[in-house]
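Understanding the architecture of this molecule
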Amino acid sequence: MSELTILIKAMLRERRDIAFAIAGGFVAGVGGVGLFSASGYLISQTVFAPPLYTLIVLISIVKLLGLLRAASRYAERLYSHQATFSILSRLRTSFFAKLVPLAPSMLRTRRSGDLLARIVGDVESLQHYFLRVAYPPIVLVMVFLATVLFASAYSIWIAGLLVLGLLGAAFVIPAVILRGQRNIRGRVRLHRAALSTNAAELLYGFLELKVYGKLDERGQQLRRHSDVLADEQQAAGIHLLNGQSLHVGLTYLVTWGVLVLGGYLIVNDSLAGVFLAMLVLAAQTVFEEAGAMATLPSYKQDSEHAASRLAETVQPGEALPPQPEGSLSDDAPPSVELNGVSFQYADEWRPALRDIHIRMAAGSKTAIVGASGSGKTTVLELLLKLYAPAQGQIRMNDKPLNELHESSIWKHAAVVLQQGHFFRGTIRDNLLLDEAGLSEEELQVILGQAELSYKKLDDEVYERGENLSDGEKQRLALARAMAKGGRLWLLDEPTSSLDAITEQRIYRRLFKLAANDTLILVSHRLTGLESMDQIIVMDHGTVVEAGTYEELMDKRGYFYEMKEIERQLIGEAG
Ligand SMILES: Nc1ncnc2c1ncn2[C@@H]1O[C@H](COP(=O)(O)OP(=O)(O)OP(=O)(O)O)[C@@H](O)[C@H]1O
């Protein structure tokens, strides 16, 4: 329930607005009861043809109470919503701060459609906790007590009947509603999650599903999920309406009870007849004010469920340790060293890296090659501190990575990931993810260096770069890294979709740009590696060979064989 604790803390920080909202709600409630009681009394008094000034006073009181009720209701709404939005914004910020360090591991293991819908929906449902759960009962009890006190001045029996009615409205009806709703609400949540997951998969996999002829099948599946959800939502709505009807039933029962009891008391001379209409209308109004109690259980359950799911999403077990203060020096390329590093992804049965030893001197150029799945990308991910090694140590500039703040590494790194993300906007928006302060001309030159000179900075980029070819995406990602720059270049197969000639042209410029920087290039292709200071060959999570191009070729080992196979393939293709 840690999110509920955060919510309650956030509520306490808005105590001024909450106090005003409660005061407004109380005055509006009491004003409403007073308004209708005064009207009832006025109607009864007219029967006795009172003097004109009595009627004038009574009518003025009714008018004034009407005004007071409207003004205080406005104040209540204003302050309660002001408090709600502040609470919500505190909640979002606090949740987001907890989520950020978990994002790398979480987004890989959870279904994104479900996760996004859940997080947004859950945070939104927490707003109901204050508006519909926490503060209405306080106002209700205050208004009720005032009404009971008022009624007791005329008849202790009628006051007793109101108390009985209050117990029914505050405890019995919510308990009845809660009993039936547990299962219905659970099913709604389940089907909503299934619908959003399926909708996300259909949208992301639209092309594949179309090409493989599965679009109709998936579409029907989605429609079925949507129908089931609509049915469950209807059942939940009917259940809620039943609860509200029960409350209206109770209102009429108590109002009739007051009427009958009042009649009996009048016959027995225990109550003056002129007060009967006043007490009946007071009873009816106070129960109408209590209508929020019928929907309270549903909101309460929803908010508590949302809170526990949010707490579960950011459970501390998944969190990375707090970031240390150390940072890399600004003006020198870093040396990088991996000493006996092993790593295993969560829930995987075999390690992705085993006992890795690599040393890269400051300013050196290293290529990491090897079969698919051999752990090349994982090495880069560890260097970026997206994960921490299970064993061994990584050092940059002889400082252990776990003493360096992750943002200090990111600040110095120019990174191209295998599947970079592209945002909806323009080429310029996608080039400048940070405020690099480059002029339009400089940006256009960078586009040229990445062989994208035919693109204009204002050209549109669709969501996830849908209107760019794979090669264009890679070149834009390279241009983005060039625009950012850095003393440590981490490039994960940045040119795998490019033809060899374009690749060589871009590499020439890139290596010139990074001439004095440390550069690590993960590559499937083995051409163009002659100038590298070091080539690391990986297989099944281990380093099987390391050395310069000549050393590895002379050795006639794994790299040599890979190179021979590549030569034969190129020869055959030629
Ligand atoms: N997020 C992840 N969760 C679980 N296992 C993963 C994850 N990412 C990679 N792996 C596994 O770790 C191993 C190494 O993966 P990695 O991506 O480092 O290989 P790679 O050499 O870069 O492959 P490729 O050349 O195909 O990109 C693989 O067996 C892969 O299945």
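Summarised in this report is the structure supplied together with it.

The rules behind these values
All residue numbers refer to positions counted from 1 along the written sequence of the respective chain. The model is predicted, so local features are restricted to residues of pLDDT at least 70 and side-chain atom pairs to those at 80 or more, both for listing and for counting; the totals for chains, interfaces and linings are taken over all residues. The criterion for strand pairing is that DSSP finds at least two bridges linking the strands in question. Note on conventions: DSSP H or I runs of at least 4 residues are helices, E runs of at least 2 residues are strands, and numbering of each starts at the N terminus. Structural elements are reduced to axes, namely lines fitted to C-alpha atoms, with helices fitted over the stretch in contact, and the angle between N-to-C directions of any two is expressed from 0 to 180 degrees. What sets the label is the angle itself: under 35 degrees gives roughly parallel, over 145 gives roughly antiparallel, 65 to 115 gives roughly perpendicular, and the rest give oblique. Contacts are defined on C-beta atoms placed from the backbone: any two residues whose C-beta positions lie within 7 Å are in contact. Note on residue categories: nonpolar means Ala, Val, Leu, Ile, Met, Phe, Trp, Tyr, Cys or Pro, charged means Asp, Glu, Lys or Arg, and polar means any other residue, Gly included. Any residue qualifies as near a molecule or strand once its backbone-derived C-beta atom lies within 6 Å of it. The span expected for a helix works out to 1.5 Å for each residue beyond the first. Buried means a residue has 20 or more other C-beta atoms within 10 Å of its own C-beta, exposed means 12 or fewer, and partly exposed covers the counts in between; C-beta atoms are placed from the backbone. Arc definition: it is the arc formed by the directions from the helix axis to the C-beta atoms.

1. Looking at the sheet that holds strand 10 (residues 518–523)
Strand order across the open sheet formed by 6 strands is 6-9-10-3-11-12, with mixed pairing between neighbours. Among the strands making up the open sheet, the edge pair consists of strand 6 (413–416) and strand 12 (542–547). Here the strands of the sheet are splayed against their neighbours by 15° on average, with no regard to which way each runs. In terms of strand pairing, strand 9 (residues 488–492) meets strand 10 through 5 bridges, oriented parallel. Among the inter-strand pairings, Asp 492 is bridged to a residue of strand 10, identified as Val 522.

2. Observations concerning the packing of helix 6 (residues 136–152) against helix 10 (residues 276–289)
Relative orientation of the contacting elements helix 6 and helix 10 amounts to 170°, with a least axis distance of 10 Å. Of the possible angle classes, the one that applies to helix 6 and helix 10 is roughly antiparallel. Where helix 6 abuts helix 10, its residues Leu 140, Val 143, Phe 144, Thr 147, Phe 150 and Ala 151 lie against Leu 279, Ala 282, Val 286 and Glu 289. Broken down by class, the residue content of the contact of helix 6 with helix 10 amounts to 8 nonpolar, 1 polar and 1 charged.

3. What to know about the pairing of strand 12
As judged from the 5 bridges shared by strand 11 (residues 534–539) and strand 12, these two strands associate in the antiparallel manner. Looking at strand 12, one finds that Asp 539 is bridged to Thr 542. Two successive antiparallel strands, strand 11 and strand 12, enclose a turn made up of 2 residues, where His 540 displays a positive phi of approximately 45°.

4. Observations concerning the environment of Met 482
By the element assignment, Met 482 lies in helix 16 (residues 470–484). Those residues within four positions of Met 482 in sequence are excluded, and the remaining contacts are Ile 446, Gln 449, Ala 450 and Leu 513.

5. Things to note about the site of the ligand
Contacts to the ligand come from 13 residues, most closely from Tyr 345, Ala 352, Ser 372, Thr 377 and Thr 378. For the shell around the ligand, the element with the highest residue contribution is helix 12 (residues 376–383), accounting for 3 residues.

6. A closer look at helix 3 (residues 52–99)
In a regular helix each residue adds 1.5 Å, so 48 residues correspond to 70 Å; helix 3 covers 69 Å between its end C-alpha atoms and thus fits that length. Leu 65, Arg 69, Ser 72, Glu 76, Tyr 79, Ser 80, Ala 83, Thr 84, Ile 87, Leu 91 and Phe 95 are the residues of helix 3 that are buried.

7. Regarding helix 6
Compared with an ideal rise of 1.5 Å per residue, which puts 17 residues at 24 Å, helix 6 spans 24 Å between its outermost C-alpha atoms and is within 8% of the ideal. Turning to helix 6, its buried residues are Pro 136, Val 139, Leu 140, Val 143, Phe 144, Thr 147 and Ala 151. Taken down its axis, helix 6 places every buried residue within 125° of arc, on the same side.

8. Regarding the sheet that holds strand 1 (residues 336–343)
Taking strand neighbours across the sheet as the criterion, the 4 strands line up as 2-1-4-5 in an open arrangement whose pairing is antiparallel. Looking along the sheet, the strands with just one partner apiece sit at the ends: strand 2 (353–360) and strand 5 (399–400). Where strand 1 meets strand 2, 5 bridges bridge the pair, whose relative direction is antiparallel. Bridging from a neighbouring strand, Val 336 pairs with Met 360 of strand 2. Contacts between helix 12 and the sheet are confined to strand 1, strand 2 and strand 4 (391–396), with strand 1 contributing the most and set at about 115° to the helix.

As far as function goes, none of this settles anything; it's purely spatial.
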